[in-house]
Amino acid sequence: IVVDVKSADAAELEDGTLVRYAGVEAPGPEDPLFEISREKNRELISNRKVSLIPAQDGSNEDGELVAFVYAPVVDDQGQTRFLFVQGELALWGFVRSRTAPPAALRLDLYQDIARIEAIAKEMKRGLWSEKPTSAADAQAASPATNDREAPSSSRRGPSRPTSGQRRCVSTASE
């Protein structure tokens, strides 16, 4: 279970494991998009039992588990699906894709992130929109905040896409 969201590409689990997201790089604290990208990640994974697919054997040089992250989401039909967190963040332009290191596992997922990033670039989302000058400007320019459904106490997962929006999900059986 995720207990702390450090940034748009890092989180801490309840057992103390630090997870660094494979295949992406998030804006740093000095970037106007840092807070909103971290908040989007928090919306997707905070207090959720996430599934992790290791991207390499062992930890990185900082002792973090490098992994692809999937968060459970319950759809309108009550079926559990798994949201590819890096893909979702890339789709909104909150992270940049990174090239797979030589010893990487799951090269297909690195490639998926790069393809999803191309969509965000084409749509001029997040990091590829006109560069905001403040956090308020970043939030105003972000499709993740402009298109987000209103909070609801009955909502069981992250905001659902409206008609025409894409999500990075798979069914529980996949």
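This section reports on the structure supplied with the text. Keep in mind the model is a prediction, meaning the values are calculated, not measured.

As for helix H3 (residues 107–122)
Then step 1. A rise of 1.5 Å per residue sets the reference length of H3, with its 16 residues, at 22 Å; its end C-alpha atoms lie 23 Å apart and thus fit the reference within 8%.
Then step 2. Among the residues making up H3, those that are buried are Leu109, Tyr110, Ile113, Ile116, Glu117 and Ala120. One face of H3 carries all of its buried residues, which in axial projection span an arc of 125 degrees. Set apart from the buried face of H3 by more than 90 degrees, the exposed residues are Arg115 and Glu122.
Then step 3. For H3, the secondary structure elements touched by its buried residues are strand S4 (24–25), strand S5 (51–59), strand S6 (65–74), strand S7 (80–84), helix H2 (85–91) and strand S8 (96–97).

Some details on the environment of Asp62
Then step 1. Tracing the sequence through the fold places Asp62 in the loop between S5 and S6.
Then step 2. Take Asp62: its relative accessible area is 57%, and that puts it in the exposed class.
Then step 3. Taking the C-alpha atoms as reference, Asp62 lies 9.3 Å from Leu18; in sequence the two are 44 residues apart.

Re unusual backbone geometry
Then step 1. Of note in the backbone geometry, Arg106 takes a positive phi value of approximately 60 degrees without being a glycine.
Then step 2. Mapped onto the elements of the fold, Arg106 is located in the loop between S8 and H3.
Then step 3. Positive phi is not limited to glycine here, since Lys124 has a value of about 55 degrees.

Some details on helix H1 (residues 34–45)
Then step 1. Helix length check: H1 (12 residues) gives 17 Å between terminal C-alpha atoms against 16 Å at 1.5 Å per residue, within 8%.
Then step 2. Summarising burial for H1: 9 of the 12 residues are buried, a large majority.
Then step 3. Among all positions of H1, only Phe34, Ile36, Ser37, Arg38, Lys40, Asn41, Glu43, Leu44 and Ile45 are buried.
Then step 4. Directly after H1, the chain includes Asn47, whose backbone phi takes a positive value near 60 degrees.

Description of the pattern of salt bridges
Any two side chains of opposite charge can pair, given that their charged atoms come close.
Then step 1. According to the stated counting rule, one finds 11 salt bridges in the structure shown.
Then step 2. The salt bridge partner of Arg38 is Glu35, with a shortest N-O separation of 2.8 Å. Note that Arg38 and Glu35 are positioned in helix H1 at a spacing of 3 residues, about one turn of the helix.
Then step 3. Relative accessible area serves as the criterion here: at 18%, Arg38 is assigned to the buried category.
Then step 4. Accessibility expressed as a relative area gives 42% for Glu35, which makes it partly exposed.
Then step 5. Residues joined by salt bridges that share partners form a network here, namely Asp4, Lys6 and Glu12.

How each quantity is defined
- Residues numbered from 1 in each chain as written.
- Predicted model: local features only at pLDDT ≥ 70, side-chain atom pairs only at ≥ 80, totals over all residues.
- Heavy atoms only, no water.
- Helix = DSSP H or I, 4+ residues; strand = E, 2+ residues; numbered from the N terminus.
- Expected span 1.5 Å × (residues − 1).
- Buried < 20%, exposed > 50% of the residue type's maximum accessible area, 1.4 Å probe, protein only.
- Arc of directions from axis to C-beta.
- Contact = heavy atoms within 4.5 Å.
- Salt bridge = Lys/Arg side-chain N within 4 Å of Asp/Glu carboxyl O.

These results come straight from atomic positions and should not be treated as a statement about function.
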